[in-house]
Structure formats: C-alpha cells, structure tokens
Amino acid sequence: MMEGFANEQIELDVLPDNLVDLTNTNVKNHSFPCPPKPNELYHIAGFHLVPERFSVKVVPIPGVSPSLAADYAERLTNKFQSRSTTVSVTTSSIDKIEKLPGQAVVLLMPSSKEATINKSIIDVFLYLDRQGISWRRCYENDNFQFSIPDQIGSILQCAGGIPYCVQTQGTKPIPWCLGIDLSHATNGQSQLCGALINTTGNLTHSWVSKHRRDETISSDTLQKIIRAAVNYIPKDSRRNGLLVMRDGRLFERENHALYHKGFDLPVSLIEVRKRKNPPILTRELPGIPDKIMFSEISRNLDHDSHIAFMVTLPTAKKERFGQVLKIHWRDEWNGLSLQSRDLAAIITALVYAPGLGNKERTLPAPIYWADGIAAASNIDLRFRGQQTTHI
C-alpha cells in the first residue's frame, strides 16, 4: 500500500489521451501506428538500417550437425531476402571468427540445458566476449520455421543494424535514455548495469560492473557508468538530453545528484518500480484496463514530488490485470522539464521499441535492457552477447 495513504482507495488523474496515438513506428520513410507488428513491418518496408557488408556467421557448437547449420543458414538467408535485405550467411567455426563491422555471429547449440552446464560451450561465450564480438544463439531443437522470424531483428541488431524506430508525436521527443539496474544473481556475482538507448528507442551500448552483494549502489561505479554513457552520446546529439531511468527506488541516503548533476547536457531522473504495485481499476466494468494508461496521483503529500502508475501491457481480453509500473520523480530531478504527458508518451514509445524477439513487452527499453543484461550469466543466457563494456 502507498506510504501516507493507509488502506484507502486512491483517486488517480488519468491522462485523457490514448497514449498509443502519441507514438508511431518508423522504418526508413514508412510510418506505422503502434503497437508495431515487427514481421509485418519487415515484409512491407524491410529494416530501418542495414549495415554495409552485412553478414552472418553461423557457428555450430561441436556435437551439432554441420548439415543442420547449413540448413539454418539457408533458411536465414531466405527470411532476410523475403524482407528485402541482402545478407551473406555462411557457416564457420569458432577459431575462424574475428570481429568485423556489419557481422553477426549466431551460435547453434545442442540444447538450452546443455549450454548452461558444458564448460567448453561457456568458454566459447567468454572468448567472444573478450574479443568484443556480439553474438546470438539458437538451438538444434528449435523449430526454425518460427524461431528464425522471431529472432531476425535481433540478429540484425547484433550486426549493428536497426530493425525499426519508435518516436513520440505531439509531445517532447524521446531523449537519450539510460537504464540503471542492480541485479543480485541467485548463484553468482551481483552486477550494476547501465544500458544506453538512443533517440529512436534502440540499444546503443551497455556497461556492467561487478558489485558487492548489498543494497547500496557504489557512487564511484555509478558515476563511471553514467559518464561513460554521456561520453558515448555524439556531441551534436547531446542537445536532446538524457533521461535516466532507475530500476527500483533510490536507496535510503542515496544521493540523487549523482544521477543528474555535473554533466554537460540536461538530465532528468525517474524511478521505475516494476514490482509490488497495486492493480489499476477503471470506472467501467469489469474494471480491467483495456489500453495503456498513465495515471498520476491527484493528492500528493509532497507537492515537489510526482507519483504515477502506468499500465504498460493491457490484458483485458485475457481477463486479468496488466503490468503496472510505478513512476516517481521530483521537480529538482527534472532537468529536461518533462511534463506528465511527455513522460507518458516517451515511456509508451519505449515499451514498443525493439527487443530480443517480436513479442510484446511490459518494460520500457532502458529498463528492459538494463534489467536483462545485469542478470545475464552462464545460467541465464537470454541477454548474453550484447555490446557490453566491463568497468
């Protein structure tokens, strides 16, 4: 229950806009409404940006049939061609892989279970990571007919391409965004991650640092990550500013100024709490939201502080409550002078931004990527292989 509100119901000020109408999706010169249907976009317009000399190396892990790797390579080539994209897809071996511009590496592995326990496979991951080579993975027991179309945008991203872009309309544009997450692995090292998202909603780079296993973020490490992200932003793009999304609440005695002061560009900071949030009810029965909603608390105990709840993935058709995020910010954190409507549109657009597959997501891209990369391990491989710098 909300602090300061005991067990009472809270009246929320719901933005009158249909937030989806404040966003759209772009592929080159084509504009599409949100939410995007990636495979339909790709069939109609191709991809937004295909790198020069685009190539994919399919690497079968020892034990996987070379003929299966050749079949995967042929199927992948055909899928790109059907989306108006030329690519060179060949099979290779790990000892022949080198870092090349415009190249993606796809590891074809025996099974997800074996990949997490086989030391020789883990050594392949570590070798590619040390070389700074981005990679993706698939499994020999995948149904390629369905798995390849779901992964094709991520493979393009792996090579430095952009599948599609998201943007706001009628509000302030999407600034550069940095997701910050501290993850405590069940059987591993805690990690602090910063994931930088550009003004089109696409992951640009990430930084991770090993962290002591407690609930206090190291100020030195945090500053290194934020400064690395700021330095990564092209100077001619810094006028767009930076929106820092902190996954979870700032800890007690944590200095908020570390997130948004002392940088040579305007910065705003918001807290995004994704767990233990109350359900949002509408006045219309059965009360389950059927669209994305951004609802600010109309009666706040601190007038300098703003709290809103956001339903990011409505599930009314499934008769259950959707994902609810709690968004908190203060006036002194808001160097970009973002209004509630601006934040609502920006977060909505970023929920629709490209990810690892084509399924709908509940988290805005900065939190989605920071949360996933921070938790990546030799057990959880979902976000392994991203462009990441260890600090």
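Residues numbered from 1 in each chain as written. Predicted model: local features only at pLDDT ≥ 70, side-chain atom pairs only at ≥ 80, totals over all residues. Heavy atoms only, no water.

## Some thoughts on the overall build of the chain
- In terms of helices and strands, the chain carries nine helices and 17 strands.
- The burial tally for the chain puts 56% of its 391 residues in the buried class.
- Counting contacts in the chain only where the partners sit at least 6 residues apart, residues at least 24 apart contribute 69% of the total.
- Of the roughly 18300 Å² of accessible surface on the chain, a fraction of 49% belongs to carbon and sulfur atoms. (Helix = DSSP H or I, 4+ residues; strand = E, 2+ residues; numbered from the N terminus. Buried < 20%, exposed > 50% of the residue type's maximum accessible area, 1.4 Å probe, protein only. Contact = heavy atoms within 4.5 Å. Areas by Shrake-Rupley, 256 points an atom, 1.4 Å probe, with all protein chains shown as cover.)

## Some words on the pairing of strand β14 (residues 293-297)
- For β14, the tally of buried residues reaches five of five residues, placing the bulk of the element in the interior.
- With burial as the criterion, each face of β14 is covered, one bearing Met293, Ser295 and Ile297 and the other bearing Phe294 and Glu296.
- Inspection of the sheet shows β14 paired to strand β15 (residues 305-313) by four bridges, in the antiparallel sense. Across the sheet, Met293 pairs through a bridge with Val311, a residue of β15. (Pairing = 2+ DSSP bridges.)

## What to know about the environment of Met245
- With respect to the helices, strands and loops of the structure, Met245 is situated in strand β12 (residues 242-247).
- For Met245, a relative accessible area of 0% puts it in the buried group.
- Along the backbone, Met245 and Val272 are 27 residues apart, and their C-alpha atoms lie at a distance of 6.5 Å.
- Leaving out residues up to four positions away in the same chain, Met245 has contacts with Leu178, Gly179, Ile180, Ile270, Val272, Ile347, Leu350, Pro364, Pro366 and Ile367.

## Side note on the nonpolar core
- Val56, Leu242 and Trp369 are the most contacted members of the largest nonpolar core, which totals 99 residues.
- Looking at which element gives the most residues to this core, the answer is helix α8 (residues 340-351), with eight residues.
- Those residues within four positions of Leu242 in sequence are excluded, and the remaining contacts are Pro175, Trp176, Cys177, Leu178, Leu196, Val230, Ile233, Leu265, Pro266, Val267, Ser268 and Leu336.
- Within the second largest apolar cluster, 14 residues are counted, among which are Val59, Ile97, Met109 and Tyr139. (Core = buried A, V, L, I, M, F, W, Y, C linked by side-chain atoms within 4.5 Å.)

## Considering the sheet that holds strand β5 (residues 88-91)
- Taken in spatial order, the four strands line up as β5-β4-β6-β7 in an open sheet, and their pairing is parallel. In the strand order of this sheet, the two ends are held by β5 and β7 (135-139), each with one partner. Between one strand axis and the next, the sheet turns through 25 degrees on average, direction left out of account.
- Both strand β4 (residues 55-60) and strand β6 (residues 103-109) contribute to a ladder of six bridges, which runs parallel. Directly across from Val59, in β6, lies its bridge partner Leu107.
- Those strands touched by helix α2 (residues 66-81) are β4, β5, β6 and β7, and its axis lies near 175 degrees from that of β5.
- Packing against the sheet, helix α4 (residues 119-130) makes contact with β6 and β7, and its axis sits at approximately 170 degrees to β6. (Axes fitted to C-alpha atoms, helices over the stretch in contact; angles between N-to-C directions.)

## Points about the sheet that holds strand β8 (residues 165-168)
- In spatial order, the strands read β3-β2-β8; together these three strands make up an open sheet with antiparallel pairing. Whereas interior strands pair on both sides, the edge strands pair on one side only; in this sheet they are β3 (30-33) and β8. For this sheet, the mean angle separating the axes of adjacent strands, direction not counted, is 35 degrees.
- Direction of pairing for strand β2 (residues 23-27) relative to β8: antiparallel, over a ladder of four bridges. Note on β8: the bridge partner recorded for Thr25 is Val166.

## Observations regarding the side chain of Asn26
- Note on placement: Asn26 falls in strand β2.
- Owing to a relative accessible area of 14%, Asn26 belongs among the buried residues under this scheme.
- Here the side chain of Asn26 touches Gln167 through a polar contact of 2.8 Å, side chain to side chain. (Polar contact = N/O pair within 3.5 Å; in protein donor to acceptor, adjacent residues only side chain to side chain.)

## Some remarks on the confidence of the model for the chain
- In this model, the chain carries a mean pLDDT of 88, and residues with pLDDT of at least 70 account for 88%.
- Segment residues 1-5 is flagged for pLDDT under 50; beyond a separation of four residues in sequence, or across chains, it makes 15 contacts in the model. (pLDDT = per-residue confidence, 0-100.)

## Things to note about the packing of aromatic side chains
- The full count for this structure, using the stated rule, is ten aromatic pairs.
- Considering the side-chain rings of Phe125 and Trp135, the 4.7 Å spacing of their centres and the 10 degrees angle between planes classify their relative orientation as stacked. Of this pair, Phe125 sits in helix α4 while Trp135 sits in strand β7, and the two are ten residues apart along the sequence. Each member of the pair, Phe125 as well as Trp135, carries the same accessibility label: buried.
- Pairwise contacts between aromatic rings join Tyr42, Phe47, Phe54 and Phe80 into one cluster.
- Over the aromatic face of Tyr368 sits the side chain of Arg361, whose NZ or CZ is 5.2 Å from the ring centroid. (Phe/Tyr/Trp six-rings, centres within 6.5 Å; stacked < 30°, edge-to-face > 60°. Lys NZ or Arg CZ within 6 Å of the ring centre and 35° of its normal.)

## A short note on the pattern of salt bridges
- Considering all chains together, one arrives at eleven salt bridges under this definition.
- Close ionic contact of Arg330 with Asp304 constitutes a salt bridge, the shortest N to O distance being 3.3 Å. Within this pair, whereas Arg330 is found in strand β16 (residues 323-330), its partner Asp304 is found in the loop between β14 and β15, the two being separated by 26 residues in sequence.
- Judged by relative accessible area, which is 23%, Asp304 ranks as partly exposed.
- A salt bridge links Arg330 to Glu332; its shortest N-O distance comes to 3.8 Å.
- The class for Glu332 is partly exposed, based on a relative accessible area of 43%. (Salt bridge = Lys/Arg side-chain N within 4 Å of Asp/Glu carboxyl O.)

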